[in-house]
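What follows is each chain in one-letter form.
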Amino acid sequence: MASSSAQTAVAMLIPIDSSRPLASALTAFSQNAPAVGIAWIASSALLTTYSATSFLKYKPDDASLPLNSKRTRTQPETNLNMASRLLAQPFQQMSRPARLTLYRFGGSFALGLLLHPNFYVAQRLSESIHASKAFLLPALLLFAANLSNSIALDRIGIPLTYTSKCAIPLMTVLLTCIIDGPHALPSPLALAALVPIAIGIAAASWSSPTFQLVGFCAALGSTLAQSALNVYSKRAMSRTGVSGPAAQRVMVGIGLVLTIGVTLLQHLIKSFHQAQRRSDEIAGKGFRFSGNLPLVAKHDATPLWLSSLAFTAYHIEYVLSFMFVRLVQPITYGTCDAIRRLTIIVSGKRMFGGAPLTRTNWYGIGLALMGALGYSIATNLK
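Notes on the structure follow. (Residues numbered from 1 in each chain as written. Predicted model: local features only at pLDDT ≥ 70, side-chain atom pairs only at ≥ 80, totals over all residues. Heavy atoms only, no water.)

**Considerations on the environment of Asp180**
Short version of the rule: Secondary structure elements follow DSSP: runs of H or I no shorter than four residues count as helices, runs of E no shorter than two count as strands, and numbering proceeds from the N terminus.
Turning to its location among the elements, Asp180 is positioned in helix α8 (residues 168-180). Sequence spacing of Asp180 and Val231 is 51 residues, and the spatial spacing of their C-alpha atoms is 9.6 Å.

**Thoughts on the environment of Thr176**
The condition is simple: Buried residues are those whose accessible area, probed at 1.4 Å on protein chains only, stays under 20% of the maximum for their type, while exposed residues exceed 50% and partly exposed ones sit between those limits. Throughout, a contact is declared for two residues whenever any of their heavy atoms are within 4.5 Å.
Along the chain, the position of Thr176 falls in helix α8. Accessibility expressed as a relative area gives 4% for Thr176, which makes it buried. In this structure, Thr176 is in contact with Gly181, Ala184, Leu185, Val231, Pro330 and Ile331, ignoring residues within four places of it in sequence.

**Observations regarding the packing of helix α5 (residues 96-114) against helix α7 (residues 136-164)**
Short version of the rule: To get an axis, fit a line to the C-alpha atoms, keeping to the stretch in contact for a helix; angles then go from 0 to 180 degrees between the N-to-C directions. Oblique is the label for any angle not under 35 degrees, not over 145, and not in the 65 to 115 range, which are roughly parallel, roughly antiparallel and roughly perpendicular in turn. In a left-handed crossing the near helix is turned counterclockwise from the far helix by less than a right angle, and in a right-handed crossing that turn is clockwise. For this classification, Asp, Glu, Lys and Arg are treated as charged, while Ala, Val, Leu, Ile, Met, Phe, Trp, Tyr, Cys and Pro are nonpolar and the rest, including Gly, are polar.
For the pair α5 and α7, interaxial distance at closest approach is 8 Å and the crossing angle is 140°. Considering the angle they form, α5 stands oblique to α7. Considering how the two elements wind past one another, α5 and α7 form a crossing that is right-handed. Of the residues in α7, those in contact with Pro97, Ala98, Leu100, Thr101, Arg104 and Phe105 of α5 are Leu142, Phe143, Asn146, Leu147, Ser150, Ile151 and Asp154. Here the residues of the contact of α5 with α7 sort into 8 nonpolar, 3 polar and 2 charged.

**Digging into the pattern of salt bridges**
Inclusion rule: Each salt bridge in this description consists of a side-chain nitrogen of Lys or Arg and a carboxyl oxygen of Asp or Glu lying within 4 Å of one another.
Taken as a whole, this structure holds 1 salt bridge when the rule is applied. Between Glu317 and Arg340 there is a salt bridge, and its shortest N-O distance comes to 3.0 Å. Taken together, the positions of Glu317 in helix α13 (residues 304-327) and Arg340 in helix α14 (residues 330-352) put the pair 23 residues apart, joining distant regions of the chain. Residue classification places Arg340 among the buried residues on the basis of a relative accessible area of 5%.

**Some points on the side chain of His315**
The topology assignment puts His315 in helix α13. Residues contacting His315, with those up to four places away along its chain left out, are Ser108, Leu111, Gly112 and Gln248.

**Brief notes about the side chain of Asn146**
Short version of the rule: Counted as a polar contact is a pair of N or O atoms within 3.5 Å, where, for protein atoms, one must be capable of donating a hydrogen and the other of accepting one, and residues adjacent in sequence contribute only when both atoms are in side chains.
Along the chain, Asn146 falls in helix α7. Since its relative accessible area comes to 3%, Asn146 is described here as buried. Only 3.3 Å separates the side chain of Asn146 from the side chain of Arg104, close enough to count as a polar contact. Apart from residues no more than four positions distant in its own chain, Asn146 is found in contact with Thr101, Arg104, Phe105, Tyr314 and Tyr318.

In short, shape yes, function no, at least from these values alone.
Following this line, the structure appears as structure tokens:
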């Protein structure tokens with residue numbers, strides 16, 4: 001089942017004709033767990049790290065100007081323009097991490113529907129809706145992991161965010177033991193190799209970061225959600241027989257609905273409180289309505305190319321991720337995920353600066369790599 005679903009993954013991007021050398025190579029790639037894992041780690045460390053961090057830290061030249069600044073408050077506004085602004089307000093007021101989550105889910109869902117050798121978009125949409133019940137819990141975990149991770153990256157940066165992620169292999173082991181029982185665990189020698197991986201990543205990412213409580217709690221929440229996602233996504237795919245890319249499409253579709261729903265709910269609550277304050281002002285001091293809506297939010301739009309790169313990189317990473325999770329056990333996946341985060345820490349420092357790597361950082365990198373090698377050897381011992 002793993003090989004057939006992996007072939008489906010490749011077919012989503014390029015129609016496979018086994019008589020052609022390129023198609024045969026793609027089919028072989030989709031069945032090769034180490035190759036898929038390396039591609040997943042590389043796409044995450046390079047494409048996703050660059051696009052996500054650039055998106056969160058982007059500063060437009062006119063960030064100090066309000067939206068529609070060319071229009072003054074005294075100019076009349078047509079009903080159509082007012083309706084358009086009302087509809088756009090909830091999304092204009094989104095925080096940058098929430099907007100990144102929205103773009104990622106929305107863009108990845110669209111790519112999942114459109115990038116396919118056939119054009120049966122309605123059929124794939126129907127299949128996604130039909131499978132949504134089975135993937136509701138993994139989708140909730142994916143939503144929580146993505147939003148929390150974006151908040152953490154925005155507030156405390158790459159090093160401390162991914163320091164907290166060193167616990168993912170250990171959490172995955174604990175969840176696997178609780179859900180599937182001790183028989184599902186690898187050998188004691190393989191479990192022992194997880195300890196240097198966790199310690200090594202913590203040492204590799206340590207750079208005396210500035211602690212920020214909300215950001216650190218978000219990083220821990222993302223760690224827990226990602227650990228549970230490693231376990232429950234594989235269980236859902238095994239139970240339903242849905243391929244990795246199809247499962248990813250279902251989950252980001254649910255995540256998109258959740259993101260829009262949470263955004264609208266937050267806006268309604270905020271608007272309700274603003275209306276109450278405005279009512280108090282009218283009752284207490286008198287208030288004259290000018291006929292124009294107040295200017296809300298700063299101009300915080302990111303360039304189209306950066307937004308497109310953010311959701312494209314996310315889509316590539318997660319398609320490879322769910323291909324890989326079908327080919328390996330959850331604990332192996334969690335261990336490779338830890339190594340992936342190590343590469344993110346190193347590449348993030350190279351791309352966006354920060355404190356140079358210290359001797360402790362280099363020792364940590366070496367320790368984590370040795371732990372990963374030890375885990376690989378231990379899991380293949382007969």
